[in-house]
Amino acid sequence: MSDDEEYICSRRLLHQKNKNVVSNDHVAVSGLDNFSRQTVDHSAEVPIQNADEAAGYASDYGDSECDVNSLGTSEEENLDEVDKLQRKMRKVYDPRCDHKSLQFVVGMRFESCQQLKEAVQKWGIVIGRNVKIVRRNFNKFEAVCHEGCRWRLYASLIREENTFAIRKLQPNHTCSRVTRNRAATSNWIAKEFISKFRRNPNWDVKELAGDLMEKYAVDAGKFKCYRTRYEATKMLKGSVTEHYALLRSYKAELMRVDRAGRFDFLINEADELGGALLAAVAKDGNDQMYPVFWAVVQSENEHFWTWFMNIVFEELNLGDGLGWTFISDQQKGLCNAIGKLAPLAQHRNCARHVYCNWKKEFKGQALKKLFWIAARQTYEAGLKLALTKLMDENEAAYLDFIQRDPTKFCKAYVSEHSKNDMIDNNICETFNGYIVRARVKHIIDMLEDIRVNLMERTHTKLTHMCGELIQFVLGLEKS
């Protein structure tokens, strides 16, 4: 029990004890002098005190030798009723309440200015009002509705209680409900739907906008929904800056578990956090993608491509590139890097990228068909015949085709050293689609997802192919 309740209980027992003492005086000391009465008095108090202690009740006030002035029972009950009435009149905000039915009143208490701000913000969103906070500091808080509305709330700090209380309130709104609510910030939406983002970090922004409209009748734009997903990721995973600060520790751990791997850093602390994922993808014996290298850089330019390709050539021991073929889009930085590091290697441009740039001026199914017929010709005579048909169809399209250097993307000019006649870069696009979910995460989570998924993919392909090969051999032996 509390100190107040213990005090009241102790005084009531003392009052009852005094009544018993008076009753014993009249029975035991009738006809004696005052000195005898005092003697009987003390002898009567001792057993009653011991009886209280034997009953298991002890009070700090019962051991006091001083007299304490206490109120009567009726007066104590009246004070309890007054205290209950005061507590009932003093409303305290409960964050778990239904904000749709929340009513602010003068005198309502809040733990802090931050709690008051969050209460007003959520209440305004739930009822569909554009409530704006115009003043907020360590001891004052003021909020108004948008222009033309009479609603206003003012609160200040109660220093004795260290709480905020509403001082003035104009509770009536003279405005209509809105769906574009500026109080529904991306940070607030992220906090409201953080449980869903925890289950699905790649939650679609369209579904987010639909749930927000259904639950709060708030219409959020596409960019706000994207910012919301970023804020939720930041709450769950930490900031991008924090992840970049852990890269060196991540590298040390990778080198510990994979001693044969290559892990390099080219980080300038003054640079902005970057930007582009570079990858070198090969084809395996089953004509499927086989990612070999990947790296995160600030931007896709010649400097970073040269650094990346230099690592590729060192690890694969390519030398001057004789007998090797590289296929890429028409990125100038990559073309220059390959030309410098591997002058004897064959460098092809992806025919699909060439066509996408070519069709911006020359559209239509007829020209598209002629383009791919020319690109897929396996010998030069067939290529010349296809180009003649293209010139007859559209001379400007033919001249643009020749200007793009057919030796870079036409199958007729594929080197005899290469054992693959691929003229597009679909395996890289397949890799981009494979990591599309990981690319939206922070850098360490992204790199770890790519590494783990590719390890599982390689292991699965290896075990399945070995199992099928063993069954095939056993079938041949039986036959």
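Here the structure is a predicted model, which means the values were calculated and not measured.

K.L.:
Looking at this structure, I do not really get the environment of G210. What am I missing?
P.N.:
Inspection of the secondary structure assignment puts G210 in helix α7 (residues 205–216). In this structure G210 comes out as partly exposed when scored by relative accessible area, which is 35%. Along the backbone, G210 and A220 are ten residues apart, and their C-alpha atoms lie at a distance of 9.1 Å.

K.L.:
Sorry if this is basic, but what is going on with the side chain of E142 here?
P.N.:
Here E142 lies in strand β3 (residues 140–144). In this view, E142 contacts K132, I133, V134, R135, R152, L153 and Y154; residues no more than four positions away in its chain are not counted.

K.L.:
Sorry if this is basic, but what is going on with a positive patch on the surface here?
P.N.:
Taken together, the side chains of R352, K359, K363, K368 and R376 present a region of like positive charge at the surface. As for its position among the elements, K363 is in the loop between α13 (351–358) and α14 (365–375).

K.L.:
Just to check I follow, could you spell out the pattern of salt bridges for this structure?
P.N.:
Any two side chains of opposite charge can pair, on the condition that their charged atoms come close. Following the criterion strictly, the structure yields 17 salt bridges and no others. Linking K340 and E302 is a salt bridge whose minimum nitrogen-to-oxygen distance equals 2.8 Å. Note that K340 is positioned in helix α12 (residues 332–341) and E302 in helix α11 (residues 302–316), a separation of 38 residues in sequence. For E302, a relative accessible area of 28% corresponds to the partly exposed category. Three or more residues are tied together by salt bridges with common partners; here these are R262, D264, E314 and E315.

K.L.:
Would you mind showing me how to read the environment of K191 here?
P.N.:
Within the secondary structure layout, K191 lies in helix α5 (residues 186–192). It is 7.2 Å that separates the C-alpha atoms of K191 and A232, two residues lying 41 residues apart in sequence.

K.L.:
Looking at this structure, how should I read the nonpolar core?
P.N.:
Generally speaking, a soluble globular protein has its nonpolar side chains buried in company with each other. With 23 residues, the main nonpolar core has F104, F110, V120, F141, W151 and F164 as its most contacted residues. Where this core is concerned, the elements lending two or more residues are α4 (113–127), β3, β4 (152–158) and β5 (163–170). It is α4 that provides the largest number of residues to this core, a total of six residues. If sequence neighbours within four positions are ignored, V120 has contacts with F104, V131, F141, A143 and W151.

K.L.:
Got a minute to help me understand the packing of α14 against helix α15 (residues 380–393) in this structure?
P.N.:
The packing of two helices is summarised by the inter-axis angle and the distance between the axes. Interhelical geometry of α14 versus α15 gives an angle of 160° and a closest axis separation of 9 Å. The pairing of α14 with α15 is recorded here as roughly antiparallel in orientation. Like other packed secondary-structure pairs, α14 and α15 cross with a definite hand, here left-handed. Listed contacts from α15 to A366, L367, L370, I373 and A374 of α14 are L383, A386, L387, K389, L390 and E393. Grouping the amino acids of the contact of α14 with α15 by side-chain chemistry returns nine nonpolar, no polar and two charged.

K.L.:
I keep staring at the packing of α11 against α12 and nothing clicks. Help me out?
P.N.:
Where α11 contacts α12, the two axes come as close as 8 Å, and the packing angle between them is 45°. Considering the angle they form, α11 stands oblique to α12. The handedness of the crossing between α11 and α12 is right-handed. Contact residues: E302, W305, T306, M309, N310 and F313 in α11; G333, L334, N336, A337, I338, K340 and L341 in α12. Of the residues in the contact of α11 with α12, the class split is seven nonpolar, four polar and two charged.

K.L.:
Sorry, what's going on with the pairing of strand β6 (residues 276–283) here?
P.N.:
If a strand is regular, its side chains alternate between the two faces of the sheet. Where β6 and strand β7 (residues 289–297) come together, eight bridges link them in antiparallel fashion. Within β7, the residue paired with A282 across the bridge is Y290. If you look at the hairpin formed by β6 and β7, you'll find five residues sitting between the two strands, and D287 has a positive phi there, around 60°.

K.L.:
Please clarify how α11 should be interpreted in this entry.
P.N.:
Note: α-helices contain 3.6 residues per turn, so residues at a spacing of three or four share the same orientation. The end-to-end C-alpha separation of α11 is 21 Å, in line with the 21 Å expected for 15 residues at 1.5 Å each. Inspection of α11 places F304, W305, W307, F308, M309, I311, V312 and F313 among the buried residues, and these make up the whole buried set. Among the structural elements, β6, β7, β8 (325–328) and α12 are those in contact with the buried residues of α11. For α11, the N-terminal cap is N301; the gap from its side-chain oxygen to the backbone nitrogen of H303 is 3.3 Å. Directly beyond the C-terminal end of α11, a positive phi value near 55° is found at N317.

Calculation criteria
- Residues numbered from 1 in each chain as written.
- Predicted model: local features only at pLDDT ≥ 70, side-chain atom pairs only at ≥ 80, totals over all residues.
- Heavy atoms only, no water.
- Helix = DSSP H or I, 4+ residues; strand = E, 2+ residues; numbered from the N terminus.
- Buried < 20%, exposed > 50% of the residue type's maximum accessible area, 1.4 Å probe, protein only.
- Contact = heavy atoms within 4.5 Å.
- Patch = residues over 30% accessible without salt bridge, like charges linked within 9 Å, V, L, I, M, F, W, Y side chains within 5 Å.
- Areas by Shrake-Rupley, 256 points an atom, 1.4 Å probe, with all protein chains shown as cover.
- Salt bridge = Lys/Arg side-chain N within 4 Å of Asp/Glu carboxyl O.
- Lys, Arg positive; Asp, Glu negative; His and termini not counted.
- Charge placed at Lys NZ, Arg CZ, Asp CG, Glu CD.
- Core = buried A, V, L, I, M, F, W, Y, C linked by side-chain atoms within 4.5 Å.
- Axes fitted to C-alpha atoms, helices over the stretch in contact; angles between N-to-C directions.
- Parallel < 35°, antiparallel > 145°, perpendicular 65-115°, else oblique.
- Left-handed = near helix turned anticlockwise from the far one by under 90°.
- Nonpolar A, V, L, I, M, F, W, Y, C, P; charged D, E, K, R; others polar.
- Pairing = 2+ DSSP bridges.
- Expected span 1.5 Å × (residues − 1).
- Polar contact = N/O pair within 3.5 Å; in protein donor to acceptor, adjacent residues only side chain to side chain.

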